[in-house]
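# Structural overview for review
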Amino acid sequence: MSEDIPFDRSFDLAPGKVEEVYPGVRRLLCNNPGPFTFKGTVSYIVGRGRVAVIDPGPLDEAHIKALLDTLKGETVTHIFVTHTHRDHSPAAARIKAATGAPTFGEGPHRAARELHLDEAPRLDASGDREFHPDTVLADGDVVAGDGWRLEAVATPGHTANHMAFALKDSEVLFSGDHVMAWSTPVVAPPDGAMSDYMASLEKLLHRPETIYFPGHGGAVRDAPRFVESYIRHRRGREQSILDRLAEGEASIPVLVQKIYVGLDPRLIKAAGLSVFAHLEDLVARGVIVADGSPSLDSVYRLRG
Ligand SMILES: [Zn+2]
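Okay, so let's go over this structure. Chains are numbered independently. Their residues run from 1 in the order of the written sequence. It should be noted that, the model being predicted, local features are given only for residues of pLDDT at least 70 and side-chain atom pairs only at 80 or more, the latter also being counted only at that level, while totals for whole chains, interfaces and linings use all residues. Each side-chain value is worked out from all heavy atoms of the structure, with water and hydrogens disregarded.

For helix H7 (residues 268-284), with 17 residues, the first-to-last C-alpha span of 24 Å sits near the 24 Å given by 1.5 Å per residue. For the purposes of this entry, the term helix denotes a DSSP run of H or I that reaches at least four residues, the term strand denotes a run of E that reaches at least two, and both are numbered from the N terminus. Of the residues one or two after H7, Gly286 is the one with positive phi, at around 80°. To estimate how far a helix should extend, the number of its residues minus one is multiplied by 1.5 Å.

Right, here's the structure in full:
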C-alpha cells in the first residue's frame, strides 16, 4: 500500500467506554473491528443534556446498550447518519425507538449510477436499505440543537448519499468514511463513484474545519493538508493505472497485482473495486476505453 499519506493509526479507545474528545463532543467505539472498520465504528454524541447522536452504528446489542446507558439522564433530540453502510446506520432505528428522536440524513441508500445487470447483489451486501431519514438534508442545511449547530456537507463518493457534518463555531467536521486518519476509504462502484469522491475532497479543501472526527479511528489533525495528501494519493494511483495501460491493455486483476504491492489478501476484492472506480472515471472522461461497457471483468486500454 502506498504510504504517501501521513496516516495516524494511533487509536486506543476501548469499546463501550465514552470519552470526551473535544469540548461538547463525546465518542463511543463499537466492538466491530475489521479490515474496513479498523477498530470499529465510532459513534459521536454532540452536546450535553439535550444531545445529537452521529452514526449510531451497526445492529450491535452491546453498542446500542452502551450508547443508551451513556445517555441515561440526558435527552437525545437528533440522530444523524453520515451514510447508509451497515456499520453506520442500522442502529438509528433502535436509538429512535428508545428515545423518540428523529433521524437526519441525505437520503436512503442508492447506487451512484444505474446498475449493470450483475451488480444488484453486490450493492445489497454492504448497504442498509432500511434507513429512511425523517428529515432529508441538503448540502448547506444547518440543524440547530441545544447549544450546537450542525451544517450538512454533502460529500458523495464513498456512497452516493454520504454526508459530513460541520460543528458550527468550531474547527470540527464529522467526516464519516469520507476522510479518515488510518486509511483511505473504499470507493467501490456502484455504491461509490471516483469522480464524486474527488470532487468531495476538493470541496473540503475550501472549508475552514481543521479537525475531522471520522467514522473509524482517531481524529484527523491538520485536516486540509491531510485532504491534499488524499487527493495526491488518488491522482498517483490513477497515474499508475495509466502507466500500466501504456504498456498494453489489462484486466482489473492484472492492474491490482501491479499497483498494490504487498496487499493484505483480505483487501484484494476491495482493491479491485477501487481500481474499477478509477477505470470507470477514466472511461467517462474519454481517457481510456473498455471492451464493452466498463465492468469488473472488462479489459481496458488507452484510447488510441
Ligand atoms: Zn462506509
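This part is about the packing of helix H6 (residues 252-259) against H7. Contact geometry of H6 with H7 gives a least axis separation of 9 Å together with a crossing angle of 105°. With respect to H7, the element H6 is oriented roughly perpendicular. Two secondary-structure elements touch here, H6 through Ile252, Leu255 and Val256 and H7 through Ala271, Gly272, Val275, Phe276 and Leu279. Residues were grouped as follows: Ala, Val, Leu, Ile, Met, Phe, Trp, Tyr, Cys and Pro as nonpolar; Asp, Glu, Lys and Arg as charged; and all remaining residues, including Gly, as polar. Class assignment for the residues of the contact of H6 with H7 results in seven nonpolar, one polar and no charged. Axes here mean lines fitted to C-alpha atoms, for a helix over just the part in contact, with angles spanning 0 to 180 degrees between N-to-C directions. Reported orientations rely on four angle classes, namely roughly parallel under 35 degrees, roughly antiparallel over 145, roughly perpendicular from 65 to 115, and oblique for the rest. Contact criterion: two residues are considered in contact whenever any of their non-hydrogen atoms come within 4.5 Å of each other.

Turning our attention to the coordination of the zinc ion. For Na, K and Ca the donor cutoff is 3.2 Å, while for all other metals N, O and S atoms count as donors only within 2.8 Å; water does not appear among the atoms, so some sites may look incomplete. Distances from the zinc ion to its protein donors, His83 (NE2), His85 (ND1), His158 (NE2) and Asp177 (OD), fall at 2.1 to 2.4 Å. Every donor counted, the four donor atoms about the zinc ion form angles of 86 to 170° at the centre, which fits irregular coordination. Each donor residue of the zinc ion belongs to the same chain, and together they define the spacing H-x1-H-x72-H-x18-D. Of this pair, His83 sits in the loop between strand E5 (75-80) and helix H2 (91-99) while Asp177 is found in the loop between strand E11 (172-176) and helix H4 (194-205), placing the two residues 94 residues apart along the sequence. Asp177 matches His83 in its accessibility class, with the two residues each being buried. A four-donor site is called tetrahedral if each angle lies between 85 and 135 degrees; a four-donor site is square planar, and a six-donor site octahedral, when trans pairs exceed 155 degrees and the remaining angles lie between 65 and 115; all other cases are labelled irregular. Residue exposure (1.4 Å probe, protein chains only): buried if accessible area is under 20% of the type maximum, exposed if over 50%, otherwise partly exposed.

This part covers the pattern of salt bridges. Here, a salt bridge means any Lys or Arg side-chain nitrogen found within 4 Å of an Asp or Glu carboxyl oxygen. All chains considered together, the criterion is met by 18 salt bridges. One salt bridge in this structure joins Asp69 and Lys65, with 2.8 Å as the shortest N-O distance. With Asp69 and Lys65 both in helix H1 (residues 61-70) and four residues apart, the pair spans about one turn of that helix. The class for Asp69 is partly exposed, based on a relative accessible area of 35%. Taking relative accessible area as the criterion, Lys65 reaches 52% and is therefore assigned exposed.

When DSSP locates at least two bridges between a pair of strands, those strands are taken to pair. A sheet is described by the order of its strands in space; here seven strands give the open sequence E1-E2-E3-E4-E5-E6-E7, paired in mixed fashion. The open sheet has two free edges, formed respectively by strand E1 (19-22) and strand E7 (135-136), since each of these has just one partner strand. Note that strand E6 (residues 103-105) and E7 share two bridges and pair parallel. Bridging from a neighbouring strand, Gly105 pairs with Val136 of E7. Against the sheet, H1 engages strand E2 (25-29), strand E3 (42-46) and strand E4 (50-54), with an angle of about 155° to E2. Contacts between H2 and the sheet are confined to E5 and E6, with E5 contributing the most and set at about 155° to the helix.

Any link to function would need more than the numbers given here.
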